[in-house]
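Structural features, examined
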Amino acid sequence: MYTAILFTWTDYKTIFFPIISFAYASVSVRSTAVFLKACLWIWIHLLLCNVSNQARTEVEDATNRPWRPLPSGRVTNLQAIALRWVLVFVCIAVSSVFGWHLVVSTLTLIFTTYMYDELEISSHGVGKNLCAVGGYLSFEVGAVKIMGESTTLNPASTRAIYVSLLLIFTTIHTQDFADMEGDLALGRKTLPMYDPEIPRIATMLIITTWSTVLPIVWGIGPISTAGFVAFGSYVSLRFYIWRTAEMDRRSYLIFNIWLVMAHLLPIQARAGCISW
Ligand SMILES: *[C@@H]1O[C@H](CO)[C@@H](O)[C@H](O)[C@H]1NC(C)=O
């Protein structure tokens, strides 16, 4: 269990909490049991993606995140690869308990993970974003279907998913600021490396724009809108002002809190509880 948690540790903030919040906001959850089932489903799929990914990033992780299972020697490379394929079957089995429509989400996720890791689409800028969007889509659709106990998505959830995908597609690169040194060592070219200034200005504009647009899209009340815009402006300014790797890591963490909030906004469309 500890090893599994280490594999998934950096992605509770980027995947687990945003997706859970999102699914919770988009449908009315009928019981705690259903909520927990959705948590388990997300977690086991996150583990699949992360084991697959980390079986390939041992070298990079040795400098950036030496505590991860592979660089710290808890798991050998061969064991990680074996686990990655075992998890493919575990995930399909878990999903089949919920029905074939969940298996579809699992298969899409397996496919995007395969593209990302085995076919190394991740080393191309846009390919990386598209894989991230594909992954997010599978997680969101799966989580919403389990929590909503439904085989289909209602129009509100569908709209929420489209908005979320655009949001992810335009902001996924925020993680690259902090990882610049590691990526450079691996010869990977990420957006922030092209220019010291433009990606940071773009990030600032993108986050402030979303902070203003999302409250309008979801029709939340004036006080919450002001709060969300203020927090978003703070996050975006951080990326522009503080540029050390340490500060970028902090900014990315705070950005993820903003991301969770952004994913909770659809609750307004369903329950109207952010009207103040
Ligand atoms: C974990 O999996 C998620 C979902 O595919 C991915 O976005 C993330 O980059 C992975 N992280 C690691 C450290 O493997």
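Residues numbered from 1 in each chain as written. Predicted model: local features only at pLDDT ≥ 70, side-chain atom pairs only at ≥ 80, totals over all residues. Heavy atoms only, no water.

**Some thoughts on helix 6 (residues 100–117)**
Turn by turn, an α-helix covers 3.6 residues, leaving residues three or four places apart pointing in a common direction. Which entries qualify depends on this criterion: Helix and strand definitions here come from DSSP, where helices need a minimum of 4 consecutive H or I residues and strands a minimum of 2 consecutive E residues; each element is numbered from the N-terminal end. To estimate how far a helix should reach, multiply one less than its number of residues by 1.5 Å. The rule is simple: take the accessible area with a 1.4 Å probe, protein chains only, and divide by the maximum for that residue type; under 20% is buried, over 50% is exposed, in between is partly exposed.
Across its 18 residues, helix 6 extends 25 Å between first and last C-alpha, which sits within 8% of the 26 Å expected from 1.5 Å per residue. Regarding helix 6, the residues found buried are His101, Leu102, Val103, Ser105, Thr106, Leu109, Ile110, Thr112, Thr113 and Asp117.

**A few points about the side chain of Gln268**
Condition: Polar contacts, as counted here, are pairs of nitrogen or oxygen atoms within 3.5 Å of one another; within protein the pair requires one atom able to donate a hydrogen and one able to accept it, and residues that are adjacent in sequence qualify only if both atoms are side-chain atoms. Two residues form a contact once any of their heavy atoms are found within 4.5 Å.
Note on placement: Gln268 falls in helix 14 (residues 267–271). Within the structure, the side chain of Gln268 is placed 3.4 Å from the side chain of Ser275, a separation counted as a polar contact. With near-sequence residues (within four places) excluded, Gln268 lies in contact with Trp218, Gly219, Ile220, Cys273, Ile274 and Ser275.

**Digging into the UniProt feature "transmembrane region" (unreviewed entry) in the chain**
Test applied: UniProt positions are given in the numbering used here, feature names are shortened, and annotations may be inferred rather than shown by experiment.
Mapped onto this structure's residue numbering, the UniProt feature "transmembrane region" (unreviewed entry) falls at residues 15–36, 82–103, 223–241 and 253–271. What you have in residues 15–36 is 77% helix and 0% strand, and the ends, taken at the C-alpha atoms, are 16 Å apart. The span residues 253–271 carries 89% helix and 0% strand; its end-to-end C-alpha distance comes to 28 Å.

**Some details on the site of the ligand**
To keep it simple, the criterion reads: Here a residue is near a molecule or strand as soon as one of its heavy atoms is found within 4 Å of it. Note that accessible areas follow from Shrake-Rupley with a 1.4 Å probe, and for residues the cover is restricted to the protein chains shown. Following the grouping adopted for this structure description, the nonpolar residues are Ala, Val, Leu, Ile, Met, Phe, Trp, Tyr, Cys and Pro, the charged ones are Asp, Glu, Lys and Arg, and the polar ones are all others, Gly among them.
Neighbouring the ligand are the residues Thr10, Asp11, Ile15, Leu46, Cys49, Asn50, Asn53, Gln54, Arg68 and Phe139. Within the side chain of Asp11, an N or O atom sits 2.6 Å from a nitrogen atom of the ligand. Between an oxygen atom of the ligand and a side-chain N or O atom of Asn53, the distance comes to 3.0 Å. A total of 360 Å² of accessible area belongs to the ligand in isolation, and the protein chains cover 76% of it. Ranked by the residues each element gives to the shell around the ligand, the list is headed by helix 3 (residues 32–54), at 5 residues. When its residues are assigned to classes, the shell around the ligand shows 4 nonpolar, 4 polar and 2 charged.

**As for the packing of helix 3 against helix 5 (residues 77–98)**
Operational definition: Axis geometry follows a simple rule: fit a line to the C-alpha atoms, using only the stretch in contact for helices, then measure angles between N-to-C directions, giving values from 0 to 180 degrees. Angle categories are assigned with fixed cut-offs, so that under 35 degrees is roughly parallel, over 145 is roughly antiparallel, 65 to 115 is roughly perpendicular, and the rest are oblique. By convention the crossing between two helices is left-handed if the near helix lies anticlockwise of the far one by an angle smaller than a right angle, and right-handed if it lies clockwise.
Direction vectors running N to C along helix 3 and helix 5 enclose 155°, while the axes themselves pass 9 Å from each other. One finds that helix 3 runs roughly antiparallel with respect to helix 5. In this structure, helix 3 meets helix 5 at a crossing whose hand is left-handed. For the pair helix 3 and helix 5, the contacting residues are Lys37, Trp41, Ile44, His45, Leu47, Leu48, Val51 and Ser52 in the first and Ala80, Leu83, Arg84, Leu87, Val88, Val90, Cys91, Val94, Ser95 and Phe98 in the second. Its residues assigned to classes, the contact of helix 3 with helix 5 shows 13 nonpolar, 3 polar and 2 charged.

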